[in-house]
Amino acid sequence: MPKTATTKTKGPAGRSACQDRSERTRQRLIEVAVEVFSELGYEAASTRVIVEKAQANLVSIPYYFGSKLGLHHAAAEYIGSNIQERLRATCERARRALEIEGLTHQQTLDHFTNFIVEFAEFLLGGETPNSWAQFIIREQFDPSGAFEILHANFLPLLETGFEFVARLTGRPADAPETRLQFMAVLAMVKFTRVDRASVLRNMGWKTFGKGEIKIVTEMLRRNMQALFAAGSSR
């Protein structure tokens, strides 16, 4: 009897069902790893716990990532690239503003303020899991190779901010004072996420709803105008 030809089931873009399952397994491992690493830290995190929660085989970590360290780096890339993508439009708008010729000091400050307010709205809007913030905070206190991966993804945001401060102060973008000043601005934004429980407790709020976020962003607008008013920020 002639043999019946068999075909592999193809998914989107010609991918086989096997390839799709493999990609889903890899993705699930990364998502679970982010949760476990953020909660326990790299050293205390167990690869056995990760694969059990991801419903994968123990050999899947060396297969997809080479090692526990490789998985940790993949988790950092997952967080960093997702944040970079979600802030892409914000950074692109700010970069376009910097390309406009003949902007006054006040116009530059207004664009910078909008950039910072959009970043604050992103942090407070609940678009990112708490595990991402916890992972990043761990790397801030005990930096590893994962920190360098995160930093590389955050460079578009940082370089845009450095350039705004340079324009407003007349200092070079790579001057220590310029970079420190922008990092101070970022700290003014990030405290609402890093010290979230303290902010909510002291303000008597239950969460960051639209009203609460508006109060925070209006405070940021006032602070930005005061910090970089013409003649006051050199």
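Residues numbered from 1 in each chain as written. Predicted model: local features only at pLDDT ≥ 70, side-chain atom pairs only at ≥ 80, totals over all residues. Heavy atoms only, no water.

Student: Could you clarify how one ought to interpret the overall build of the protein chain in this entry?
Tutor: Counting its secondary structure elements, the protein chain contains 11 helices and zero strands. Mapped from its N terminus to its C terminus, the protein chain presents α and β elements in the order α-α-α-α-α-α-α-α-α-α-α. For the protein chain, whose C-alpha radius of gyration is 22 Å, the value lies well above the compact-globule estimate of 17 Å for 234 residues. Taken over the C-alpha atoms alone, the protein chain extends approximately 90 × 45 × 35 Å along its principal axes. Considering the protein chain as a whole, with its 234 residues, one finds that 38% of them fall into the buried category. A total accessible area of about 13,700 Å² is found for the protein chain, and carbon and sulfur atoms account for 53% of it. Of the charged side chains in the protein chain, 30 are positive and 26 negative; the average position of the first set lies 6 Å away from that of the second. (Helix = DSSP H or I, 4+ residues; strand = E, 2+ residues; numbered from the N terminus. Rg over C-alpha atoms; globule rule 2.2 N^0.38 Å. Buried < 20%, exposed > 50% of the residue type's maximum accessible area, 1.4 Å probe, protein only. Areas by Shrake-Rupley, 256 points an atom, 1.4 Å probe, with all protein chains shown as cover. Lys, Arg positive; Asp, Glu negative; His and termini not counted. Charge placed at Lys NZ, Arg CZ, Asp CG, Glu CD.)

Student: How should the packing of aromatic side chains be read in this particular structure?
Tutor: Given two aromatic rings, one states the distance between the centres and the angle between the planes to describe the pair. Under the counting rule described, the total for this entry stands at 10 aromatic pairs. The interplanar angle of 80° and the centroid separation of 5.7 Å between the aromatic rings of phenylalanine 162 and phenylalanine 182 together place this pair among those described as edge-to-face. With phenylalanine 162 in helix 8 (residues 145–169) and phenylalanine 182 in helix 9 (residues 176–194), the pair connects residues that are 20 residues apart, well separated along the chain. The same class applies to phenylalanine 162 and to phenylalanine 182, which are both buried. One aromatic cluster is present, built from ring pairs that chain together Phe112, Phe115, Phe162, Phe164, Phe182 and Phe228. Between the NZ or CZ atom of lysine 68 and the centre of the ring of tyrosine 42, over which it lies, the distance is 4.6 Å. (Phe/Tyr/Trp six-rings, centres within 6.5 Å; stacked < 30°, edge-to-face > 60°. Lys NZ or Arg CZ within 6 Å of the ring centre and 35° of its normal.)

Student: Before we go on, may I ask you to explain the confidence of the model for the protein chain in this structure?
Tutor: Looking at the protein chain as a whole, the pLDDT averages 91, with 91% of positions reaching at least 70. Across the protein chain, the element-wise mean pLDDT spans from 91 in helix 1 (residues 17–40) up to 98 in helix 8. The model gives residues 1–9 a pLDDT under 50, and that stretch makes three contacts with residues more than four places away or in other chains. (pLDDT = per-residue confidence, 0-100. Contact = heavy atoms within 4.5 Å.)

Student: Quick question: what am I supposed to make of the environment of phenylalanine 115 here?
Tutor: For phenylalanine 115, the location among the structural elements is in helix 6 (residues 105–124). What makes phenylalanine 115 buried here is its relative accessible area of 2%. Residues contacting phenylalanine 115, with those up to four places away along its chain left out, are Thr90, Cys91, Ala94, Leu157, Thr160, Gly161, Phe164 and Phe182.

Student: Is there a simple way to think about helix 1 in this case?
Tutor: Within an α-helix, residues lying three or four positions from one another point in the same direction, as the helix has 3.6 residues per turn. For helix 1, with 24 residues, the first-to-last C-alpha span of 34 Å sits near the 34 Å given by 1.5 Å per residue. Taken as a whole, helix 1 has its buried residues at Asp20, Leu29, Ile30, Val32, Ala33, Val34, Val36, Phe37 and Ser38. As for helix 1, its buried residues are in contact with helix 2 (47–53), helix 3 (60–65), helix 4 (68–86) and helix 7 (130–141). Just downstream of helix 1, glycine 41 is the residue with a positive phi angle, here 90°. (Expected span 1.5 Å × (residues − 1).)

Student: Can you help me understand the nonpolar core in this one?
Tutor: Where a protein is soluble and globular, its nonpolar side chains tend to be buried together. In terms of nonpolar packing, the biggest core is built from 59 residues, with Ile50, Ile79, Phe112, Phe115 and Phe182 touching the most fellow members. Not counting chain neighbours up to four residues away, the residues in contact with phenylalanine 112 comprise Gly161, Phe164, Val165, Leu168, Phe182, Met224 and Phe228. (Core = buried A, V, L, I, M, F, W, Y, C linked by side-chain atoms within 4.5 Å.)

Student: What should I look at first to understand the packing of helix 1 against helix 7 in this one?
Tutor: The relative placement of two packed helices comes down to the angle between their axes together with the axis-to-axis distance. It is at 8 Å that the axes of helix 1 and helix 7 come closest, and there the two elements cross at 50°. Our classification of the angle between helix 1 and helix 7 gives oblique. Between helix 1 and helix 7 the crossing geometry is left-handed. Residues Val34, Glu35, Phe37, Ser38, Glu39 and Leu40 of helix 1 lie in contact with helix 7, whose contacting residues are Ser131, Trp132, Gln134, Phe135 and Arg138. (Axes fitted to C-alpha atoms, helices over the stretch in contact; angles between N-to-C directions. Parallel < 35°, antiparallel > 145°, perpendicular 65-115°, else oblique. Left-handed = near helix turned anticlockwise from the far one by under 90°.)

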